[in-house]
Amino acid sequence: MIYLFFKNQWVEHTPEYLQPNFEKARLEPTLVGQHHVNTKNQRYLLKDGKPLIKLSDIMTRDLLHVSLKTPIKVCSHIMNHEGVHHLAVFDDGQFCGIISDRDIRTISKLSNLDKIHVDQIETTVVMGASSELTVGQASLIMKNESINCLPVLDEDLNLAGIVTSSDLLRVLSNLVP
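Everything numeric here is computed off the predicted structure, so don't read it as measured data.

Asker: Explain the sheet that holds strand β1 (residues 2–6) to me, and be specific about the residues and the numbers.
Answerer: By way of backbone hydrogen bonds, the strands of a sheet pair with one another, either parallel or antiparallel. The five strands are arranged β2-β1-β9-β10-β11 in an open sheet whose pairing can be described as mixed. Looking at strand neighbours, the two that pair on one side only are β2 (9–12) and β11 (159–164), the edges of this open sheet. Strand-to-strand twist of the sheet, defined as the mean angle between neighbouring strand axes without regard to direction, takes the value 35°. Where strand β10 (residues 149–153) meets β11, five bridges bridge the pair, whose relative direction is antiparallel. Across the sheet, the residue bridging to Pro151 is Ile162, located in β11. Packed onto the sheet, helix α5 (residues 135–145) meets β1, β9 (126–130), β10 and β11 and runs at close to 135° relative to β10.

Asker: Go over the confidence of the model for the chain with me, naming the residues and quoting the values.
Answerer: Per-residue confidence for the chain gives a mean pLDDT of 81, with 79% of residues at or over 70. Within the model, the stretch residues 22–41 combines pLDDT values under 50 with 40 contacts to residues more than four positions away or in other chains.

Asker: For the sheet that holds strand β6 (residues 65–67), give the residues involved together with the corresponding values.
Answerer: Across the sheet, three strands lie side by side as β6-β7-β8; this open sheet has mixed pairing. With partners counted over all chains shown, the strands left at the sheet margins are β6 and β8 (94–100), one partner each. Taken pair by pair, the neighbouring strands of this sheet meet at an average axis angle of 35°, ignoring direction. Pairing between strand β7 (residues 86–91) and β8: six bridges, direction antiparallel. Across the sheet, residue Phe90 finds its bridge partner in β8, namely Phe95. Sheet contacts for helix α2 (residues 72–82): β6, β7 and β8; angle to β7, the most-contacted strand, approximately 135°.

Asker: Any chance you could break down the packing of aromatic side chains for me, citing the residues and the numbers?
Answerer: Inspection of the entire model under this criterion finds four aromatic pairs. Taking the centre distance of 5.6 Å and the plane angle of 15° together, the rings of Trp10 and Phe95 count as stacked. Highlighted residues: Trp10 in strand β2 and Phe95 in strand β8, separated in sequence by 85 residues. Like Phe95, Trp10 is buried. Among the aromatic residues, those joined into a ring-pair cluster are Phe5, Trp10, Phe90 and Phe95.

Asker: Go over α5, please, and point to the residues and values.
Answerer: Buried within α5 we find Val135, Gly136, Ala138, Leu140, Ile141 and Met142. After α5 finishes, the residue Ser146 shows a positive phi value of roughly 55°.

Calculation criteria
- Here the residue index of a chain counts from 1 through its sequence in written order.
- For this predicted model, a pLDDT threshold of at least 70 governs which residues receive local features, and a threshold of 80 or more governs which side-chain atom pairs are given and counted, while totals over whole chains, interfaces and linings are taken from all residues.
- As a rule here, side-chain values come from all non-hydrogen atoms in the structure, and water together with hydrogens is ignored.
- Two strands are said to pair when DSSP picks up at least two bridges between them.
- Each helix corresponds to a stretch of at least 4 residues labelled H or I by DSSP, and each strand to a stretch of at least 2 residues labelled E; elements are numbered beginning at the N terminus.
- A fitted line through C-alpha atoms represents every axis, and for helices the fit uses only the stretch in contact; the resulting angles, taken between N-to-C directions, go from 0 to 180 degrees.
- The criterion used for residue contact is that any of the two residues' heavy atoms lie within 4.5 Å.
- On a scale of 0 to 100, pLDDT captures the predictor's confidence in every residue.
- Working definition: a ring pair exists when centres of Phe, Tyr or Trp rings (six-membered ring for Trp) sit within 6.5 Å. Plane angles under 30 degrees give stacked, over 60 give edge-to-face, the rest tilted.
- Using a 1.4 Å probe on the protein chains alone, a residue whose accessible area is under 20% of its type maximum counts as buried, one over 50% counts as exposed, and one in between counts as partly exposed.

Take a look at the structure:
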């Protein structure tokens, strides 16, 4: 299931390109005849000879996050120090958006970062996905939407983790010789 975070709530959303008549992204297994593909000591089920890898298998669960009033310079420092490109934004314990290194680079060309806070540049309309979504579907969404991360939601639509394009490349690099 795909969700869109809009006006402070998650709303079900199915992009047209995820309909059955559209081409689907698939990963090829590297071990022919095997029932499982081992990636970073994890086993994945195969479906029609393809690895069935869910977002829950690869997502980062320990999210770094900031508040709406966090200065952008602090966000930039956290991203550089921790080696991440995205931070979740929370207000009073509730998810309210995402800030990326791309957002910070864009604004740094236009303005002095000393006076800018997260609430001024965060992305508030965010696409998210169920933890049961497959890596192939997530790749297709990220490619078509030109985004580099997908917040992952649990059954209660709470933020459970994040999957980034780096996570997808790591999985792909472990599957392909």
